[in-house]
Amino acid sequence: MDLLPSAHADTFSRDNLPPAEQWPEFLLDGFDYPEHLNAAVELTDRMVEQGFGDHVALIGNGRRRTYKELSDWTNRLAHALVEDYGVEAGNRVLIRSANNPAMVACWLAATKAGAVVVNTMPMLRAGELSKIVEKAEVSLALCDTRMMDEIVACAKTSPSLEKVIGFDGTANHDAELDRAGLDKPVAFDAVQTSRDDVALLGFTSGTTGEPKATMHFHRDLMVIADGYAKEVLGVTPDDVFVGSPPLAFTFGLGGLAVFPLRFGATATLLETASPPNMIEIIETYKATICFTAPTAYRAMMRAMDEGADLSSLRVAVSAGETLPGPVFEEWKEKTGKEMLDGIGSTELLHIFISNRFGSAAPAQTGTPVTGYQAMVVDEDMKEVPRGTIGKLAVKGPTGCRYLNDDRQANYVRDGWNLTGDSFIQDEAGVFHFAARSDDMIISSGYNIAGPEVEAALLSHAEVVECAVIGVADEDRGQIVQAHVVLVEGINADADCIKRLQDHVKQTIAPFKYPRSVVFTSTLPKTQTGKIQRFRLRED
C-alpha cells in the first residue's frame, strides 16, 4: 500500500509498521480526506471555524468547556509541549489519567504537536507501564499529578522515558504542564501530519499478557466517527454523551471524545463511572447517548425501579461483553427503546458490526457498519455455510497494523482481519457472537489475560502451581477463577484466599484479581507437563 509522505521527524512509527504483505486490505471508498490531516485540529479548531465555538464540548470535574475554550487550551498546551519540552513530530507521548477533560486536552495537544499518543489506564502498575514504554520507546509521559507514583517508578528503570510531566486532572490548572501553558498564545500552527501518519498507539494485552500496540492513523480517527457514529448513532450537535469505558481504550476514546467532538456534541466525563454516577450525569445534563457494559445497564434498570429518570437517553450502546437477552428485553420494556449491541476491537479501533434501530434483537450482534465487510470462515479461510460456527473475518476502512510484532501474521490473513472471535451468520445475513476463540477472560468489559494473573499468583511464596480460567458469571459475563496448589502446611482457608487476592491486586491492575479461588492438590496436565485449562473449564 502506497503511503503519503510522513510529516514525522522521528520516524519510529513508520519504521515499525508491519511489512506491506501482512497488511489487511483497506476499503476506503467514501472516506475521502485531504492529504494533510491532523485529527486534533479537526476536532477543535475546525469545529470553532464551523460555528460551534460557544457549544459545550466537555463537562467534567465540575466545569463546562466550550469548543473555543478547548481549542485555546489545547493550543496553549501544544505550544508548551513543543517549546518547553522539545516534543518533535513522531515522538511517542504517554498519557496517564482517569477520564477527565484534562486528559482529553493533553491527548489533543500532543496530537496537534504531531506526537504519537499512548493513552494508558490509571490502574496499571509500574511493571505493566514499563512494557508499554519499552515497546513504544516513549520519551515523555504526561500524568495527572494525583497518580504519579507508578509512572515515576517506571521512569527510574526505563532507558527511553526521559521526562514525566504532571498536569492537573481537576479543574484548577495547578500543575507543571498547566503553568507552562498559561502564558502561551491561543493560536498554534499544528503539525501538518499526513492522513497516513500514525496518531495513536492503542495497547491491547493479548492472551499472553505481552502487550501489542495497534497503530492508528489520523484518518482512522475520522473514519470511526464518519462511519459508525454517523450511520448507526446518527450523532447531532444536540447529543450529550456519557459512558464508563476508559479513554485509554479505543472504545472509550471513540465514544467519549472522537464521536462527540466530530459533530459538535457534548461529552460528559466521569473519573468514577459507577452506575449511580452515570445516572446522576444522565439526569443532570439530559444525556442522550450512553456507552457501557450490560452489568451497568442492569444496575441502572434497578435504579429506574427506584425512580431514576433516564428518559433523555435515545441511544444505549452495549459493548465490552455479550449482551444477555434478558437485559435487552427489560431495557426495551422499561424505556421503549432498543439497546444497540455491537462488536469492535482495538485492532480495528472501534465497532465494525452493530445492530441498528428498528432491527435490533436479543442475542444478535447485527450487520457490518458502513464501509466494512464480514464473513464467517474455516481454518482455510473458506466461508462456512450459514448457520455454522466459524471464525469472524472482517475488512474495511480500518484494520490491524501491529507495531513490530510477529503476531500480525496471525491477525491478518488473505487481506482479512481475524478478530479471534467465533461467530455464526444466519440466513438473513445477521451475525451472532458465539465465543472468544482463545483464553481471554472478558469480565465487566475488561480483557484479562489468564497467564498474566497466573504469573502474579506464582510470585506469592505460598503458591506452588496455579491455572487461571474464566467462568461464567451472571453480573460480569465472566470472572477470573484461579485453581491453586499451595505449599505444604499452608491452610487452604478464607484468610489464604484474601492474601492471594490482595497480592494480585498489588502486583498487577486490581481489576484482574481472581474473584474465585479453588484450592486443589493437583492440576490436570498433558504427558509433557502442560496444564490442561480446558479440563478445568469442563469441570
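Here is what the cut-offs are and how they apply
- Residues numbered from 1 in each chain as written.
- Predicted model: local features only at pLDDT ≥ 70, side-chain atom pairs only at ≥ 80, totals over all residues.
- Heavy atoms only, no water.
- Buried < 20%, exposed > 50% of the residue type's maximum accessible area, 1.4 Å probe, protein only.
- Helix = DSSP H or I, 4+ residues; strand = E, 2+ residues; numbered from the N terminus.
- Pairing = 2+ DSSP bridges.
- Phe/Tyr/Trp six-rings, centres within 6.5 Å; stacked < 30°, edge-to-face > 60°.
- Lys NZ or Arg CZ within 6 Å of the ring centre and 35° of its normal.
- Disulfide = S-S within 2.5 Å.
- Axes fitted to C-alpha atoms, helices over the stretch in contact; angles between N-to-C directions.
- Parallel < 35°, antiparallel > 145°, perpendicular 65-115°, else oblique.
- Left-handed = near helix turned anticlockwise from the far one by under 90°.
- Contact = heavy atoms within 4.5 Å.
- Nonpolar A, V, L, I, M, F, W, Y, C, P; charged D, E, K, R; others polar.
- Core = buried A, V, L, I, M, F, W, Y, C linked by side-chain atoms within 4.5 Å.
- Salt bridge = Lys/Arg side-chain N within 4 Å of Asp/Glu carboxyl O.

Trainee: Account for the pairing of strand S7 (residues 198-204), naming residues and giving values.
Mentor: Burial analysis of S7 places seven of its seven residues in the buried class, the great majority of the element. Here six bridges tie S7 to strand S8 (residues 212-217), and the two strands are oriented antiparallel to one another. Bridge pairing links threonine 204 to lysine 212 in S8.

Trainee: Give a detailed account of the packing of aromatic side chains, specifying residues and quantitative values.
Mentor: A complete count under the given rule lists 13 aromatic pairs for this structure. The interplanar angle of 75° and the centroid separation of 5.9 Å between the aromatic rings of phenylalanine 249 and tyrosine 446 together place this pair among those described as edge-to-face. Taken together, the residues span a long stretch of sequence, with phenylalanine 249 in the loop between strand S9 (240-243) and helix H10 (250-262) and tyrosine 446 in strand S22 (residues 446-449) at a distance of 197 residues. Grouping aromatic residues by their ring pairs yields a cluster made of Tyr228, Phe241, Phe251, Phe259 and Phe291. Sitting above the plane of the phenylalanine 26 ring, arginine 219 keeps its charged end 5.5 Å from the centroid.

Trainee: Residue-level account of the state of the cysteines, with values.
Mentor: Enumeration according to the criterion identifies zero disulfides in this entry. With no disulfide of its own, cysteine 496 lies closest to cysteine 466 among cysteine sulfurs, the gap being 12 Å. In this structure cysteine 496 comes out as buried when scored by relative accessible area, which is 0%.

Trainee: How would you explain unusual backbone geometry if you had to name every residue and give the values?
Mentor: Leave glycine aside and you will find that most residues have negative phi; peptide bonds, for their part, are mostly trans. A positive phi angle, near 80°, is found at leucine 349, a position not held by glycine. Topologically, leucine 349 is positioned in the loop between strand S13 (339-344) and strand S14 (351-354). Positive phi, normally seen in glycine, also occurs at asparagine 404, with a value near 40°. Tracing the sequence through the fold places asparagine 404 in the loop between strand S17 (390-395) and helix H14 (408-411).

Trainee: Could you give me a rundown of the packing of helix H5 (residues 101-112) against H10, with the residues and numbers involved?
Mentor: At a closest axis distance of 12 Å, the pairing of H5 and H10 adopts a crossing angle of 65°. Our classification of the angle between H5 and H10 gives roughly perpendicular. As for the relative orientation of H5 and H10, their crossing is right-handed in sense. Contacts from Val104, Trp107 and Leu108 of H5 reach H10 at Leu253, Ala257, Val258 and Leu261. Of the residues belonging to the contact of H5 with H10, the class tally is seven nonpolar, no polar and no charged.

Trainee: Describe the nonpolar core, and please don't skip the residues or the numbers.
Mentor: Within the largest apolar cluster, 117 residues are counted, with the highest numbers of intra-cluster contacts made by Trp107, Leu142, Leu177, Leu221, Leu233 and Phe259. Aside from chain neighbours lying at most four places away, what touches phenylalanine 259 is Ile224, Ala225, Tyr228, Ala229, Leu233, Val235, Phe241, Gly254, Phe291 and His350. In terms of nonpolar packing, the next biggest core, distinct from the first, is built from 52 residues, Leu129, Phe217, Leu403 and Cys466 among them.

Trainee: Which residues make up the environment of valine 430, and what values go with them?
Mentor: Considering the arrangement of structural elements, one finds valine 430 in the loop between strand S19 (416-425) and strand S20 (431-436). On the basis of relative accessibility, which here comes to 14%, the residue valine 430 falls in the buried class. For the pair valine 430 and serine 6, spaced 424 residues apart in sequence, the C-alpha to C-alpha distance is 40 Å. Those residues within four positions of valine 430 in sequence are excluded, and the remaining contacts are Gln364, Gly366, Thr367, Ile424 and Gln425.

Trainee: Please set out the pattern of salt bridges residue by residue, giving values where relevant.
Mentor: Inspection of the entire model under this criterion finds 34 salt bridges. For aspartate 10, the salt bridge identified is with arginine 92, shortest N-O distance 2.8 Å. Note that aspartate 10 is positioned in the segment before helix H1 (12-15) and arginine 92 in strand S3 (residues 92-96), a separation of 82 residues in sequence. For arginine 92, a relative accessible area of 4% gives the class buried. Here glutamate 42 and arginine 262 are joined by a salt bridge, their closest N and O atoms 3.9 Å apart.

Trainee: Account for the packing of helix H3 (residues 45-52) against helix H4 (residues 67-83), naming residues and giving values.
Mentor: Contact geometry for H3 and H4: axes closest at 9 Å, N-to-C directions at 155°. The orientation of H3 relative to H4 falls into the category roughly antiparallel. Handedness of the H3/H4 crossing: left-handed. Of H4, the residues touching H3 (which contributes Asp45, Met47, Val48 and Phe52) are Tyr67, Lys68, Ser71 and Asn75. Split into classes, the residues belonging to the contact of H3 with H4 amount to four nonpolar, two polar and two charged.

Trainee: Help me get a handle on the sheet that holds S14, residues and values and all.
Mentor: As summarised here, the arrangement of the nine strands in space is S2-S1-S10-S9-S11-S12-S13-S14-S15, forming an open sheet in which the pairing is mixed. With partners counted over all chains shown, the strands left at the sheet margins are strand S2 (63-66) and strand S15 (367-368), one partner each. Sheet analysis places strand S12 (residues 315-318) next to S13, joined by three bridges and oriented parallel. Each bridged residue has a counterpart across the sheet, and for alanine 316 the counterpart in S13 is methionine 339.

Trainee: Outline the sheet that holds strand S24 (residues 477-486), supporting the account with residue identities and numerical values.
Mentor: If you walk across this open sheet you meet the three strands as S23-S24-S25, and the pairing is mixed. Lying at the two open borders of the sheet, with one neighbouring strand each, are strand S23 (463-473) and strand S25 (516-519). Strand-to-strand twist in this sheet, taken as the mean axis angle between neighbours without regard to direction, amounts to 25°. Bridge analysis of S24 against S25 gives four bridges, and the strand direction is parallel. Looking across to S25, one finds that valine 484 is bridged to phenylalanine 519. Relative to the sheet, helix H15 (residues 450-458) contacts S23 and S24, its axis offset from that of S23 by approximately 145°. Here helix H16 (residues 494-507) sits on the sheet and contacts S23, S24 and S25; the angle it forms with S25, its principal contact strand, is near 125°.

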